[in-house]
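Descriptive analysis of the structure
Spelled out from the first residue to the last, the chains are:
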Amino acid sequence: MNIRLARPDDLAGMQACNLQNLPENYTMRYYLYHAMTWPGLSFVAEDQKGRIVGYILAKIDEEAKEGEAPHGHVTSISVLRSYRRLGIAKKLMLQSQEAMAAIYKASFVSLHVRKSNRAALSLYRDTLGFTVKDIEKGYYADGEDAYAMELSLARFM
Ligand code: ACO
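Summary of the structure given here. Note that the structure is a prediction, hence the values are computed from the model and not measured.

Thresholds, definitions, all that
Residues numbered from 1 in each chain as written. Predicted model: local features only at pLDDT ≥ 70, side-chain atom pairs only at ≥ 80, totals over all residues. Heavy atoms only, no water. Helix = DSSP H or I, 4+ residues; strand = E, 2+ residues; numbered from the N terminus. Rg over C-alpha atoms; globule rule 2.2 N^0.38 Å. Buried < 20%, exposed > 50% of the residue type's maximum accessible area, 1.4 Å probe, protein only. Contact = heavy atoms within 4.5 Å. 1 Å grid on protein atoms, 1.4 Å probe; cavity = no way out; pocket = protein on both sides within 12 Å on 5 of 7 lines; lining within 4 Å. Points joined across faces, edges and corners; volume = space filled by probe spheres on them. Nonpolar A, V, L, I, M, F, W, Y, C, P; charged D, E, K, R; others polar. Near = heavy atom within 4 Å. Polar contact = N/O pair within 3.5 Å; in protein donor to acceptor, adjacent residues only side chain to side chain. Areas by Shrake-Rupley, 256 points an atom, 1.4 Å probe, with all protein chains shown as cover. Sits in = over half its atoms within 2 Å of the grid points. Pairing = 2+ DSSP bridges. Axes fitted to C-alpha atoms, helices over the stretch in contact; angles between N-to-C directions.

**Topic: the overall build of the protein chain**
Helix and strand counts for the protein chain stand at 4 helices and 7 strands. Along the protein chain, from the amino end to the carboxyl end, the secondary structure elements read β-α-α-β-β-β-α-β-α-β-β. For a compact globule of 157 residues, the expected C-alpha radius of gyration is about 15 Å, and the protein chain comes in at 15 Å, within 12% of that figure. In terms of principal-axis extent, the alpha carbons of the protein chain reach across some 45 × 35 × 30 Å.

Shown next as structure tokens:
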């Protein structure tokens, strides 16, 4: 398994992986926007044949107010079912966090996750140390609430 920075020619594979794994899907234009605007923050996991089996799509939050330190945001992460529990998502998250701190001096990273997503919650809270900052009622299209989670990136500074 190889984890590396995502390139523009990976975007279709990332989108295919996302479509298999999550109900939150994005236009190719949105993938391209991430790749062009924050080219150092998104990563892929590829198998021996170069097929994309996992990805993290990440950005710098654009809603930060003037004077506020920049912070990173994980738009989406997923790993194909047969490649789960191998530590791939953890590695993708750590690579992106390191890049957020090194390139943009991001002070923390944020994300949203469904309240019912036990696997992702365990990854974020128990493995990586994220904490719940807020509950966003009806955040998802089907009405489910989201946990808004954050993690300090101070250890990368
Ligand atoms: N149940 C409980 N804990 C889990 C699970 C699970 N199914 N999966 C991961 N974890 C926790 C464990 O603590 C695990 O460590 P361990 O295996 O040593 O016990 C740790 O997270 C690290 O797991 P990884 O192997 O790195 O995680 P994986 O590569 O399997 O990917 C992911 C986890 C991304 C949540 C995967 O299950 C997936 O793709 N799910 C569907 C898509 C999804 O829910 N994405 C997140 C949406 S939120 C967002 O995108 C911001």
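**Notes on the side chain of Asp47**
Relative to the assigned elements, Asp47 resides in the loop between strand 2 (43–46) and strand 3 (52–60). Judged by relative accessible area, which is 6%, Asp47 ranks as buried. Excluding anything up to four places from it in sequence, Asp47 contacts Met1, Val53 and Tyr83.

**What about the layout of surface pockets?**
Its volume calculated, the largest pocket comes out at about 1300 Å³. Among the secondary structure elements, those contributing two or more residues to the lining of the largest pocket are strand 4 (72–79), helix 3 (88–104), strand 5 (108–114), helix 4 (118–128), strand 6 (131–136) and strand 7 (146–152). Of the residues in the lining of the largest pocket, the class split is 22 nonpolar, 14 polar and 14 charged.

**So, the site of the ligand**
Around the ligand, the structure places 22 residues, and the nearest of them are Ile77, Val79, Arg85, Gly87 and Asn117. The contact in question runs from an oxygen atom of the ligand to an N or O atom on the backbone of Val79, over 2.8 Å. Contact distances for the ligand include 3.3 Å between an oxygen atom and a backbone N or O atom of Leu86. Look at the ligand: alone it shows 980 Å² of surface, and the protein chains cover 76% of it. When atom positions are compared with the pocket grids, the ligand is found to occupy the largest pocket. When residues of the shell around the ligand are traced back to their parent elements, those giving at least two are strand 4, helix 3 and helix 4. In terms of residue count, the dominant contributor to the shell around the ligand is helix 4 (6 residues).

**A look at the sheet that holds strand 1 (residues 2–5)**
If you walk across this open sheet you meet the 7 strands as 1-2-3-4-5-7-6, and the pairing is mixed. Either end of the sheet is taken by a strand with one partner, and the two such strands are strand 1 and strand 6. Within the sheet, the average angular offset between the axes of one strand and its neighbour, ignoring direction, is 25°. Of the strand pairs in this sheet, strand 4 and strand 5 are connected by 2 bridges, and their pairing is parallel. Note that in strand 5 the partner of Gly72 across the bridge is Val109. Running at roughly 30° to strand 3, helix 3 makes contact with strand 1, strand 2, strand 3, strand 4, strand 5 and strand 7 of the sheet.

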